[in-house]
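Remarks on the overall topology
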Amino acid sequence: MIKFEKDKLLETLMIKAQAGDMLAYRELLDQLSVLIPKLARNRVPADMLDDLIQEVLFSVHKARHTYDPCRSFFAWFCAINDFRVNDILRQKYRHSKKIIKITEERNVEDPDNHERLYEIIEQLPEKQREVITRLKLQGYSISEVAEKMSLSVAAVKMIAHRSYEKIRMLLKENI
Amino acid sequence: MRSFKESLIADLKPIERIKSPAKQFITFLLVALLIIIMLILVMQPRENNLSFYTRTSYLFELLLIIATMALVGVSTLRLSIPGYSTGKVEKSLILISYLMWPVFVFVTYPEVNETFKDPDYYCLIILSLISVVVAFVFFRQILKRAPTTPIWVGLGSTLICTITGALALQFICPKISFFHVFFWHVLPVILIPIVLIGLYKKIFKW
């Protein structure tokens, strides 16, 4: 259980971040990155923790205007964290079902490099997959993807960045 | 991870906090009433207005509908802020609101001998149109927040839109038979939010 002083510290950092203080925001993100795995313990597999941390931090970033300093920061943060934990577990479940289906349909025995890459793209979370498909396979620009998916350009860049990291990781695992 | 955090930090700007649920609801209510007034001006009020508007049961029904709007509106807006409360009270209030008006209609419209004759799509169309217009306003308010219980938020949001449509019908539709009011006013208010339940997760995705 988080201590009261810690809640106060995070609260102060968040208030400063809401005002645009980058140093406080960096400190807040660092603190939360440590906190997220602790809160998700026993619920999320270790190999998904990095994804979870990114998802939660991104959600905190998007929802930071909804934090009211009169209320507990921890309650606000836990609600977002739980929401994303459930989200990521749901995605994992759906994804594993999909992979089984694809494998059964294609009956792939010895996939070549292209097929392997396509499979890896298929394994990405829904949003990342959509961004990569539009950017790299369909040839849209970042601003076009942002417009099509109703996201900001910065958000698309972030999602793309995370996708590259994930693809790199999955490729290494495959090798 | 470091570069990801850096991209978030680089995107940081001073932000304006969202309004409290009560203030936000009052803004919505004013807009909704304005839309209803415009509709009445365009379509003309019900023929039996003067004799009807002074009836106690009619006034009570109006108050009940507005109270339902307030309960659902504030509860939904509260639910759409992460960690604002445990959510139990808000969810209970949304459920109670679903039942308040139907029960009232059931109890106070006692003409049980009539039969269900011609279908009256006119009221359903008006109710749906008003709901869609109001939905643009209310859903926009919700989308600016971060709902962590999208199904409940969706149910509440759609209910407030349909109930606003029903409020508009109170000023336009002159029919007072139980069957008409129950089938063409009350049932759509209850059923539309339930029919759309599969869409809420997509609509309120953030």
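Residues numbered from 1 in each chain as written. Chains lettered and ligands numbered in written order. Predicted model: local features only at pLDDT ≥ 70, side-chain atom pairs only at ≥ 80, totals over all residues. Heavy atoms only, no water.

Let's shift gears to the overall build of chain B. Each helix and strand in chain B was counted, giving 9 helices and 0 strands. Listed N to C, the secondary structure of chain B is α-α-α-α-α-α-α-α-α in terms of helices and strands. If you line up chain B on its principal axes, its C-alpha atoms span 70 × 30 × 30 Å. Across the 206 residues that make up chain B, the buried fraction comes to 47%. As displayed, chain B offers around 10,400 Å² of accessible surface, 72% of which is attributable to carbon and sulfur atoms. (Helix = DSSP H or I, 4+ residues; strand = E, 2+ residues; numbered from the N terminus. Buried < 20%, exposed > 50% of the residue type's maximum accessible area, 1.4 Å probe, protein only. Areas by Shrake-Rupley, 256 points an atom, 1.4 Å probe, with all protein chains shown as cover.)

Bringing the layout of surface pockets into the picture now. Taken as a whole, the largest pocket encloses approximately 920 Å³ of empty space. Along its surface, the largest pocket is lined by 39 residues, and Phe83(A), Arg84(A), Asp87(A), Arg90(A) and Pro150(B) are the ones closest to its centre. Counting residues per element, the ones that place at least two in the lining of the largest pocket are helix 3 (49-63), helix 4 (73-106), helix 6 (126-137) and helix 8 (153-174) of chain A together with helix 4 (56-79) and helix 9 (200-203) of chain B. If one sorts the elements of the lining of the largest pocket by residue count, helix 4 of chain A sits on top with 11 residues. Class assignment of the residues belonging to the lining of the largest pocket gives a composition of 14 nonpolar, 10 polar and 15 charged. When its volume is computed, the second largest pocket comes out at roughly 740 Å³. Surrounding the second largest pocket, 28 residues form its lining, Lys62(A), Ser150(A), Leu151(A), Ser152(A) and Trp206(B) being those nearest its centre. Of all the secondary structure elements, the ones that give two or more residues to the lining of the second largest pocket are helix 3 and helix 6 of chain A together with helix 6 (121-143) of chain B. In terms of residue class, the lining of the second largest pocket is built from 12 nonpolar, 4 polar and 12 charged. (1 Å grid on protein atoms, 1.4 Å probe; cavity = no way out; pocket = protein on both sides within 12 Å on 5 of 7 lines; lining within 4 Å. Points joined across faces, edges and corners; volume = space filled by probe spheres on them. Nonpolar A, V, L, I, M, F, W, Y, C, P; charged D, E, K, R; others polar.)

Let's shift gears to the pattern of salt bridges. In the structure shown here, the tally under the stated rule is 11 salt bridges over all chains. The salt bridge involving Asp51(A) is made with Lys166(A); its shortest N-O contact spans 2.7 Å. With a gap of 115 residues between them, Asp51(A) in helix 3 and Lys166(A) in helix 8 connect regions that are remote in the sequence. When the shortest N-O distance is used, the salt bridge between Glu126(A) and Lys205(B) registers 3.5 Å. Of this pair, Glu126(A) sits in helix 6 while Lys205(B) sits in the segment after helix 9, which puts the two residues in different chains. Connected through salt bridges with shared partners, the residues Arg84(A), Asp87(A) and Arg90(A) form a single ionic network. (Salt bridge = Lys/Arg side-chain N within 4 Å of Asp/Glu carboxyl O.)

With that out of the way, let us pick up the nonpolar core. Residue and element names in this part refer to chain B. By size, the foremost hydrophobic cluster in this structure holds 52 residues, and its most contacted members are Phe28, Met69, Trp101, Val105 and Ile160. Listing elements by their share of this core, those giving two or more residues are helix 2 (21-43), helix 4, helix 5 (88-108), helix 6, helix 7 (150-172) and helix 8 (178-195). Top element by residues in this core is helix 7. It accounts for 11 residues. The contact partners of Val105, leaving out residues within four places of it in the chain, are Glu61, Phe178, Val181, Phe182 and Val186. (Core = buried A, V, L, I, M, F, W, Y, C linked by side-chain atoms within 4.5 Å. Contact = heavy atoms within 4.5 Å.)

Let's shift gears to the interface of chain B and chain A. With 31 residues of chain B in contact, the opposing surface of chain A contributes 41 residues. The contact between chain B and chain A buries some 3,100 Å² in all, and 64% of this surface belongs to carbon and sulfur atoms. Looking only at chain B, the three residues that lose the most surface to chain A are Phe4(B), Leu12(B) and Trp206(B), adding up to 24% of its buried area. Of the residues forming the side of chain B that touches chain A, the biggest block, 9 residues, is contributed by helix 1 (residues 2-10) of chain B. Here the side of chain B that touches chain A is composed, by residue class, of 16 nonpolar, 4 polar and 11 charged. (Buried area = accessible area lost by both parts, 1.4 Å probe.)

The subject of this paragraph is a positive patch on the surface. Residue and element names in this part refer to chain B. Taken together, Lys19, Lys23, Arg140 and Lys144 make up a surface patch of like positive charges. The residue Arg140 is located in helix 6 in this model. Under the relative-accessibility criterion, Arg140 is labelled exposed at 54%. (Patch = residues over 30% accessible without salt bridge, like charges linked within 9 Å, V, L, I, M, F, W, Y side chains within 5 Å. Lys, Arg positive; Asp, Glu negative; His and termini not counted. Charge placed at Lys NZ, Arg CZ, Asp CG, Glu CD.)

The subject of this paragraph is helix 3 of chain A. Residue and element names in this part refer to chain A. Its 15 residues give helix 3 an end-to-end C-alpha distance of 21 Å, which sits within 8% of 21 Å, the value for a rise of 1.5 Å per residue. Most of helix 3 is tucked away: 12 of the 15 residues are buried. Turning to helix 3, its buried residues are Asp51, Leu52, Ile53, Gln54, Glu55, Val56, Leu57, Phe58, Ser59, Val60, His61 and Ala63. (Expected span 1.5 Å × (residues − 1).)

Attention shifts here to empty space enclosed by the protein. Taking a probe equal in size to a water molecule and rolling it over the atoms shows the remaining empty space. One pass over the structure, following the stated rule, counts 3 cavities of 30 Å³ or more. In terms of lining, the largest cavity is formed by 10 residues, of which the most central are Arg46(B), Tyr109(B), Gln170(B), Lys175(B) and Val181(B). Here the lining of the largest cavity is built from residues that sort into 6 nonpolar, 2 polar and 2 charged. Here the second largest cavity is characterised by a volume of approximately 50 Å³. Taken together, Thr66(A), Tyr67(A), Asp68(A), Arg71(A), Ser72(A), Trp76(A), Ile81(B), Pro82(B), Gly83(B) and Tyr84(B) make up the full set of residues lining the second largest cavity. Of the residues contributing to the lining of the second largest cavity, the split by class is 5 nonpolar, 3 polar and 2 charged.

Function cannot be read off these values alone, since they describe shape.
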